[in-house]
Amino acid sequence: MTSAKLQPRTALIALTALNLLNYADRNVLFAVQPLVQDEFHLSKTQIGYLTSAFLGFYMVAAPFVGPLADRYSRKLIIVLGAVFWSGLTLLTALTHNYTELLVRHTLVGIGEATFVTIAPTFVADLFAEEKRGRILGVFYLAIPVGSAAGYLLGGYLAPHHGWRFPFYIAAAPGFFLAICVMFLKEPERGQFDSLKGTPERTTVLGLARNPAFLTSTLGMAAMTFSLGGIQVWMPQFLYSERHYTLEAANLMFGLIIVADGILASLAGGWLGDYLLHRTKATYYLVSAVSMALGVPVMIVALFITGRAMIPAIAVAAFFLLFNTAPLNAAVINSVDAHIRATALAVNIFIIHILGDVPSPTMMGWVADRRSLQAAFVLPVIAMVISSAILFYGMKFAPPVLIEGEPIPAGKT
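Residues numbered from 1 in each chain as written. Predicted model: local features only at pLDDT ≥ 70, side-chain atom pairs only at ≥ 80, totals over all residues. Heavy atoms only, no water.

Colleague: Quick question: what am I supposed to make of unusual backbone geometry here?
Modeller: A negative phi holds for most residues other than glycine; trans holds for most peptide bonds. Phi at His-41 is positive, roughly 55°, even though this residue is not glycine. Mapped onto the secondary structure, His-41 falls in the loop between α1 (3-40) and α2 (44-71). (Helix = DSSP H or I, 4+ residues; strand = E, 2+ residues; numbered from the N terminus.)

Below, the structure written as C-alpha cells:
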C-alpha cells in the first residue's frame, strides 16, 4: 500500500480513536450517576443539570473554535483540545462537592468542543464525496463504542473502587493520542468537493438561507434531544424502575449501545452512499426513515415490561443510531469546505441548545414529579419531529459527484 493511500486511513484511525475516547470520557458520568447522587444528596434535576451544563458550555465554545479552524491549523487545535480535556478529566480526584464537579464537567465540555467541531471536516477532506457516508460511519462508530466503553468502565469499576476511579482510566489515553495526531499530515481543504460556491454555501450569513443546512441541522437537533435524554437516563431507568443492579443496568445498556452502534453506523453510512446512485436526497431519506421506524419500538421498550423490553430497547437504539453517518454527511455536504468548521460550529450550537442541553434536565424535572417512565415520552415526541423535518429536507439536498457518472449541471 502506497503512503498516499496509507495516510488517509492512518488519520481516520487516529481521529476515530480520539473521538471514541471523547465519548467514553463524557459517558462515564452516566454510569456512576446514582453513586454521585447518593454521595452529594442530589435530586434528579441536579444530576440532569450536570449534563445540561456540560453541553451548554460545549455548544457555546463551538462558535469560537469553528472560525479559528477555518483559518488556522486544524491539527494543532485538535491536539491542544485533547490535552486540555484529558488533563481536566484527571482532576476529578479534586471534586469533593457538587459545585466542583459541575465546574470540572463544564470545562471538559469546552475542551471537547475543539475536537467535535473540527475533526469531521478533517476526515471529510481525506476521501472522495461519494465515500463520505461510509467514512463518517467509521468515524462515528466512536459515539456508540465510546459511549458503551464509558458505561462499561463506570459500571464495572465504580462499585468496587468508587465513582471517581473510572475517570482516571478514561483520561490517560488522551495524552498519547494527542501526540499521535501531531504526526498526521493535514489534508487540503475541499480537495474532493465538486459544487460551485454560492452565497448560501460559502458565507456564514448564508447559512440562514441554506435550506439543506437548516433542515439537516434541525432534524439532527430533534434526534439529539431524544438520544441525549435516553443516554443520560436509561441506566437509571433500568436500575430504579426495572430493578436491575447498577452494574447489570450499565452492562446491559452498554452492550446494546456498542453492538447496535457498530452495526447501525456502518450500515447507515453504507446505505446512504449506495442509494446516491438513485437519489441525491439519500442521506436525508435514510435518516428520516430510521427515526420513523424507531418510534413504535421505543414505545414498546419503555412501556411494556417482560421479555420484550430488552430486545425492544436494542431495536429502538439501532434505529436511533442508524442515521448518525448519513445525517452528518448531509450537514457536511450542505456547505463549502472553506466555512465547514464554522458551519459545524453553528450546527453544534443549534443541535445542543435545542437538543441534549435541555432534554436531561427536562426529563429529570418530569421524573421528580411523575416518574422516569413518564419522562421518556419526551424523547419519543422528538423522534417524530426529527423524522418529519428530514422528510421535508429531502427536496433541498445538494447533488454529489459520483465517480464514473456525468458531472451534473452546476458543478465544476
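Colleague: I keep staring at the packing of α2 against helix α15 (residues 358-369) and nothing clicks. Help me out?
Modeller: Packed helices, taken two at a time, are described by their axes: the angle between them and the distance between them. Axis separation between α2 and α15 bottoms out at 7 Å; the angle between their running directions is 175°. Relative to α15, α2 is oriented roughly antiparallel. Here Lys-44, Thr-45, Gly-48, Tyr-49, Thr-51 and Ser-52 of α2 come into contact with α15, specifically with Pro-360, Thr-361, Gly-364, Trp-365, Ala-367 and Asp-368. For the contact of α2 with α15, the residue count by class is four nonpolar, six polar and two charged. (Axes fitted to C-alpha atoms, helices over the stretch in contact; angles between N-to-C directions. Parallel < 35°, antiparallel > 145°, perpendicular 65-115°, else oblique. Contact = heavy atoms within 4.5 Å. Nonpolar A, V, L, I, M, F, W, Y, C, P; charged D, E, K, R; others polar.)

Colleague: Please explain the pattern of salt bridges as it appears in this structure.
Modeller: Pairing is possible between side chains that carry opposite charge, provided their charged atoms lie close to one another. Applying the stated rule across the entire model yields four salt bridges. Of the charged contacts in the structure, one is a salt bridge between Glu-39 and Arg-164, with a shortest N-O distance of 2.9 Å. Here Glu-39 is found in helix α1, whereas its partner Arg-164 is found in the loop between α6 (142-161) and α7 (165-182), with 125 residues between them in sequence. Taking the relative accessible area as the measure of exposure, Glu-39 reaches 36% and is therefore partly exposed. Exposure remark for Arg-164: the relative accessible area of 18% places this residue in the buried category. Ionic pairing is found between Asp-273 and Arg-134, a salt bridge with its closest N-O pair at 2.8 Å. One end of the pair, Asp-273, is in helix α10 (residues 246-274); the other, Arg-134, is in helix α5 (residues 132-139), with 139 residues separating them in the sequence. Here the residues in one salt-bridge network are Arg-74, Asp-125 and Glu-186, joined through shared partners. (Salt bridge = Lys/Arg side-chain N within 4 Å of Asp/Glu carboxyl O. Buried < 20%, exposed > 50% of the residue type's maximum accessible area, 1.4 Å probe, protein only.)

Colleague: Would you take a moment to explain the environment of Thr-95 for this structure?
Modeller: Position of Thr-95 relative to the elements: it lies in the loop between α3 (74-90) and α4 (98-124). On the basis of relative accessibility, which here comes to 3%, the residue Thr-95 falls in the buried class. Considered as a pair, Thr-95 and Arg-164 are 69 residues apart in the sequence and their alpha carbons are 8.7 Å apart.

Colleague: Explanation requested: the packing of helix α14 (residues 340-356) against α15 in the structure shown.
Modeller: Running from amino to carboxyl end, α14 crosses α15 at an angle of 5°, the nearest separation of the two axes being 5 Å. Here α14 lies roughly parallel to α15, going by the angle between them. Judged by residue contacts, His-352, Ile-353, Leu-354, Gly-355 and Asp-356 of α14 engage Pro-358, Ser-359 and Pro-360 from α15.

Colleague: Mind showing me how you'd approach the nonpolar core here?
Modeller: Grouped burial of nonpolar side chains is what soluble globular proteins tend to show. Grouped together as the largest cluster of nonpolar side chains are 129 residues, with contacts concentrated most on Leu-15, Phe-115, Met-234, Leu-238 and Ile-313. Take this core: its biggest share by element is 14 residues, from α1. Among all residues touching Ile-313, those that are not within four sequence positions of it are Met-234, Leu-238, Phe-253, Ile-256 and Ala-301. (Core = buried A, V, L, I, M, F, W, Y, C linked by side-chain atoms within 4.5 Å.)

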